Amino acid sequence: MASGVLFGTVIEDALLKWSKTIEKITKGRVTLPPMPKLTYKQRKLRSVRWSGQMGCAVGLTIGCVIGMFPLLFFPSEDRSKEKESEDGAAASKKLIDNQNDQLKKELSQWKEKFKVLEREKNDGLWNKG
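What counts and how
Residues numbered from 1 in each chain as written. Predicted model: local features only at pLDDT ≥ 70, side-chain atom pairs only at ≥ 80, totals over all residues. Heavy atoms only, no water. Patch = residues over 30% accessible without salt bridge, like charges linked within 9 Å, V, L, I, M, F, W, Y side chains within 5 Å. Areas by Shrake-Rupley, 256 points an atom, 1.4 Å probe, with all protein chains shown as cover. Salt bridge = Lys/Arg side-chain N within 4 Å of Asp/Glu carboxyl O. Helix = DSSP H or I, 4+ residues; strand = E, 2+ residues; numbered from the N terminus. Buried < 20%, exposed > 50% of the residue type's maximum accessible area, 1.4 Å probe, protein only. Lys, Arg positive; Asp, Glu negative; His and termini not counted. Charge placed at Lys NZ, Arg CZ, Asp CG, Glu CD. pLDDT = per-residue confidence, 0-100. Polar contact = N/O pair within 3.5 Å; in protein donor to acceptor, adjacent residues only side chain to side chain.

1. Focus: a nonpolar patch on the surface
Then comes step 1: On the surface, F7, I11, L15, W18 and I22 cluster together into a nonpolar patch covering about 540 Å² of accessible area.
Then comes step 2: Take F7: it is sitting in helix 1 (residues 2–26).
Then comes step 3: In this structure F7 comes out as exposed when scored by relative accessible area, which is 56%.

The following block contains the structure:
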């Protein structure tokens, strides 16, 4: 999610920097209508608030749909899961084998240490103080 936010920020900055160039290229043909000048009473009307909220919701929905467009180019989940499960199983087996080998080495080291301690105990080294 952090990469998505970072990408969105970079794109937004790029668009802000290019906005003047885009306006020059279009020569003012693409413009937004000016904001309506509403009085305080008009802004408090239920219909005005509702249309503002619905406009935000529709804009957000359209933005999310456009943002999901790149997902169409990802490989399908079925094929990637099959390959991933095969690769994952082999990688898991290799990891487990490596860990087993390491544990066997550590176990043999501890056994040697305990043998030394047992010999010292039998020799009476522990009884002398």
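2. Digging into a positive patch on the surface
Then comes step 1: On the surface, R43, K44, R46 and R49 cluster together into a patch of positive charge.
Then comes step 2: Structurally, R43 can be placed in helix 2 (residues 40–43).
Then comes step 3: Residue classification places R43 among the partly exposed positions, given a relative accessible area of 47%.

3. Focus: the confidence of the model for the protein chain
Then comes step 1: Mean pLDDT for the protein chain: 80, with 85% of residues reaching 70 or above.
Then comes step 2: The least confident element of the protein chain is helix 1, whose mean pLDDT is 74; the most confident is helix 2, at 90.

4. Observations concerning the environment of S51
Then comes step 1: Relative to the helices and strands, S51 is located in helix 3 (residues 46–68).
Then comes step 2: Its relative accessible area of 41% is what places S51 among the partly exposed residues.
Then comes step 3: Among the polar contacts made by the side chain of S51, one reaches the main-chain carbonyl oxygen of V48 at a distance of 3.0 Å.

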